[in-house]
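# Structural description and commentary
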Amino acid sequence: MSLLRIRQPISKKAATTLCLLSIFITIGGYLLIAEIHHRAHPRDQMVPTLAMLIQAGRTAMTPDEFTGHVPLWADTYSSVRLVFIGYSLAIVGSLIVGLHAGAWSWLNALLDPTLKFFSYTPTMALLAFFLMILGSGDESKIAIIFLATVVPLTRSLILSVQNVSEKQIWKAETLGASNLEVVWITLRKTTEPQFLDDVRLLLGSAWVYLIASELIASQNGLGYRISIASRNLNVASTLFHVLVISALAFITDRGIWALNKLRNRWN
Amino acid sequence: MPDNPIVLQLKNVTKEYQRDGESKLILRDINVDIPRGELVTIVGPSGCGKSTLLNGIGGFVPFTSGTAEIDGAPIGPPNRDRGIVFQDMTVPEFLTVRQNVALGLQFERFSLLEHFIPFYRKLSLRKYDPQVQELLEEVGLSEVSTSFPKELSGGQKQRVAIAQALAMNPKILLMDEPFSALDPQTRQNLQKLTLTVQRKSGITVFFVTHDIEEAVFLGDRILVLSQLIEDKPGSTIVLNQPLNAYHSPAAKLSPEFQAYKQQIWDAGFVDRRPKKSA
C-alpha cells in the first residue's frame with residue numbers, strides 16, 4: 001500500500017484534514033471524557049468541563065474590585081514582558097557570541113568550557129542563587145530565562161557557523177569583505193534560517209523557565225496565577241491559564257516562522 | 001595597468017601537509033610565470049596538487065616554502081586582487097543574482113553599518129546598476145536577475161560566480177574546475193563564454209581542470225602537473241600554444257588538437273609509479 005511507503009508525499013488537502021482531525025480528537029476527546037466524568041461525579045472539579053473552563057476564563061477577565069485591573073491582562077502583560085526581555089537579551093547575546101566564536105577558533109576554544117559547563121548545569125537549580133543575589137523581583141526571572149536559553153542558542157549558532165563552507169568565506173574575502181563583513185553579512189545571513197528556527201524552538205523553554213520561576217517566587221504573572229489556582233485546587237483556572245500560555249507561545253512561534261519565511265525567501 | 005608582463009610568478013613553491021604526524025608532499029619546486037592577459041590552464045591527474053596550487057595562489061592555504069608574487073608583491077591573505085570561481089557553485093545563496101554581482105562593489109565602497117541600513121543598500125545597488133546590468137548581459141543572466149541562486153541551474157550559478165568575480169576587475173581570475181559538475185552542453189557553452197569574456201576584458205585567468213580537452217580548448221598556455229613520486233622530481237611542464245590555436249569547437253577534431261592532447265597525456269597522466277613485480 002502506498003501509504004506505507006517511507007516518505008510517501010501526501011496532498012495539502014490531506015495534510016490539513018489530518019491536522020484538523022488530530023486537533024478535533026485531542027480537544028473533543030478531552031471534552032467528552034470531562035463531560036462523562038462530570039455526569040458520574042457532579043461535585044468533582046478535577047476534570048473541568050468546557051463550561052467550567054469558560055467560567056474560569058470569565059473570572060480571570062473580571063476586573064479586580066480594588067485596582068480595577070483585569071487579572072488576565074495584567075498577568076499576561078507581566079509574563080510576556082519578562083519573557084520578551086529575558087529572551088531578547090539571550091538572542092542578542094547568542095548572536096554576538098555565537099557568530100564570532102564560530103568564526104574564530106581561538107574564541108571558541110576560550111568560551112567552549114564555560115558554555116559546556118552551563119549547558120550541563122540545571123538552570124532551575126540556580127534560581128535560589130539568583131533569588132539571593134538579585135532578589136525576588138523581575139531581575140532573577142530575567143536572569144533565569146536568559147541563562148537557560150542563551151547557552152543552547154549560542155552553541156547551536158556556533159555549530160551552524162562552523163558548518164558554513166570555508167569556500168563561502170574565501171569567496172567573500174576575494175570580493176573584498178573585511179573580517180567583520182564576513183561575520184556579520186556572509187556568516188550571519190547564511191546561518192539566519194537555522195538560527196531563527198532555533199529561536200522558535202527554544203521559545204518554549206523560555207516560557208517553561210518563566211512559569212517555573214513564577215510558581216516559586218512571584219506576586220503576579222501567569223505562573224503565579226497557576227500556583228494560586230493549584231493551591232485552591234481550582235483545576236479549571238489552572239487549565240485555563242495553561243491554555244493561555246500555550247496560545248501565546250503558539251502565536252509567537254508562528255510569528256517567528258513567518259518572519260523567517262519573509263526574511264529568508266532564498267532558503 | 002603595471003608594465004610588468006608577468007602578473008603571477010611562482011618560484012620554488014612547495015606544499016607539504018602534516019597529517020597524523022606524517023608529512024605528505026603535494027607540490028615540489030614549482031616554478032612558473034603567468035603572463036598578463038593570458039588564459040593559462042592547469043591540467044593533471046587527480047591528486048597532483050592542482051587545487052592546492054590554486055588555493056595557495058588565492059592565499060587560502062599558505063605554501064610551505066618558495067615565493068609567490070602578484071605584480072611583484074608577495075601573495076598575502078585573500079583579497080580582491082584574485083577573483084575566484086569554485087567548482088561547487090559557491091555564490092552567496094541569500095542574495096539575488098543582481099545583488100550577488102554587485103556584492104563585491106558594495107564591499108569595496110560601503111561600510112558595514114551601511115550594509116545594515118536597507119535605504120543605503122538599495123541606493124548603492126541603484127548606483128552600480130549600469131555596471132551590473134552590463135555584466136549580467138555579458139554572461140546572459142539579465143532574464144533571471146531577480147532570482148535567488150536556488151532557483152537557478154548549475155550552469156547559471158557558475159555564470160553568476162563569473163560575473164561576480166569579474167565585477168571586481170581582479171588582477172587574476174582563479175577558476176577551480178568550474179565546469180566539472182556540469183552536463184556536456186552547459187560545459188561547452190560556459191567554455192565559450194569564458195573565452196569570450198576573457199578576450200573582451202583581457203583578464204588573466206588561471207584555470208584548473210582535470211580534462212585535457214578542456215585544457216587544450218581554453219588555454220593560451222598549458223601547465224601540466226604530474227603526480228609527485230617520492231624521490232623523483234615532480235614534472236611541471238609548460239606548453240605554449242599559439243594564441244587562438246584551438247579556441248574553436250571545430251579545431252577539436254583536427255589531428256593537431258589530438259596530438260596536443262596526447263602530448264599532455266604523456267607529460268602528466270602516464271602512471272610514473274614504480275611497477276610492482278608480479
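Scroll up to find the structure.
Below or above, wherever it landed, is the structure these notes cover. These figures come from a predicted structure and were not determined experimentally. (Residues numbered from 1 in each chain as written. Chains lettered and ligands numbered in written order. Predicted model: local features only at pLDDT ≥ 70, side-chain atom pairs only at ≥ 80, totals over all residues. Heavy atoms only, no water.)

### Focus on the overall build of chain A
- When its secondary structure is counted, chain A shows ten helices and zero strands.
- Listing every helix and strand of chain A by position from the N terminus yields α-α-α-α-α-α-α-α-α-α.
- Relative to a compact globule of 267 residues, whose C-alpha radius of gyration would be 18 Å, chain A shows 23 Å and is clearly more extended.
- Contacts spanning at least 24 positions in sequence make up 70% of the contacts within chain A whose residues lie at least 6 apart.
- Accessible area for chain A stands at about 15400 Å²; split by element, carbon and sulfur atoms hold 67% of it. (Helix = DSSP H or I, 4+ residues; strand = E, 2+ residues; numbered from the N terminus. Rg over C-alpha atoms; globule rule 2.2 N^0.38 Å. Contact = heavy atoms within 4.5 Å. Areas by Shrake-Rupley, 256 points an atom, 1.4 Å probe, with all protein chains shown as cover.)

### Overview of the pairing of strand β1 (residues 6-19) of chain B
Residue and element names in this part refer to chain B.
- As paired elements, β1 and strand β2 (residues 22-35) share ten bridges and run antiparallel to each other. Residue pairing in the sheet places Lys 15 in a bridge with Leu 27 of β2.
- Connecting β1 to the next strand, β2, in antiparallel fashion are two residues, including Asp 20 with a positive phi near 50°.
- By the bridge criterion, five bridges tie β1 to strand β4 (residues 65-70) in an arrangement that is antiparallel. (Pairing = 2+ DSSP bridges.)

### Topic: helix α5 (residues 129-138) of chain B
Residue and element names in this part refer to chain B.
- Taken together, the buried positions of α5 are Val 132, Leu 135 and Leu 136. Buried residues along α5 cover an arc of 100° about the axis, so they all sit on one side. Exposed residues pointing more than 90 degrees away from the buried face of α5 are listed as Pro 130, Glu 134 and Glu 137.
- If you follow the buried residues of α5, they end up packed against α2 (97-109) and α6 (154-167).
- Just downstream of α5, Gly 140 is the residue with a positive phi angle, here 75°. (Buried < 20%, exposed > 50% of the residue type's maximum accessible area, 1.4 Å probe, protein only. Arc of directions from axis to C-beta.)

### With respect to the pattern of salt bridges
- Enumeration over the complete set of coordinates arrives at 21 salt bridges over all chains.
- The partner of Glu213(B) in a salt bridge is Lys252(B), and the shortest N-O contact between them spans 3.7 Å. One end of the pair, Glu213(B), is in helix α8 (residues 212-218); the other, Lys252(B), is in the loop between β10 (236-240) and α9 (255-269), with 39 residues separating them in the sequence.
- For Glu213(B), a relative accessible area of 29% gives the class partly exposed.
- Several salt bridges converge on common partners, so that one network encompasses Arg188(A), Lys189(A), Glu192(A) and Arg263(A). (Salt bridge = Lys/Arg side-chain N within 4 Å of Asp/Glu carboxyl O.)

### As for the packing of aromatic side chains
- Tallied over the full model, the rule gives eight aromatic pairs over all chains.
- Summarising the aromatic geometry, the rings of Trp170(A) and Phe86(B) are spaced 6.2 Å apart at their centres and angled 40° between planes, so their arrangement reads as tilted. Here Trp170(A), found in helix α7 (residues 166-174), pairs with Phe86(B), found in the loop between β6 (82-85) and α2, and the two come from separate chains.
- When the centroid spacing of 5.7 Å and the interplanar angle of 55° are considered together, the rings of Phe179(B) and Phe207(B) count as tilted. Here Phe207(B) lies in strand β8 (residues 204-209) and Phe179(B) lies in the loop between β7 (172-176) and α7 (184-201), a separation of 28 residues in the sequence.
- Given the relative accessible area of 0%, Phe179(B) is considered buried.
- Through a chain of ring-to-ring contacts, the aromatic side chains of Trp170(A), Phe60(B) and Phe86(B) assemble into a single cluster.
- Arg254(A) extends its terminal NZ or CZ atom over the ring of Trp257(A), reaching a point 4.9 Å from the ring centre. (Phe/Tyr/Trp six-rings, centres within 6.5 Å; stacked < 30°, edge-to-face > 60°. Lys NZ or Arg CZ within 6 Å of the ring centre and 35° of its normal.)

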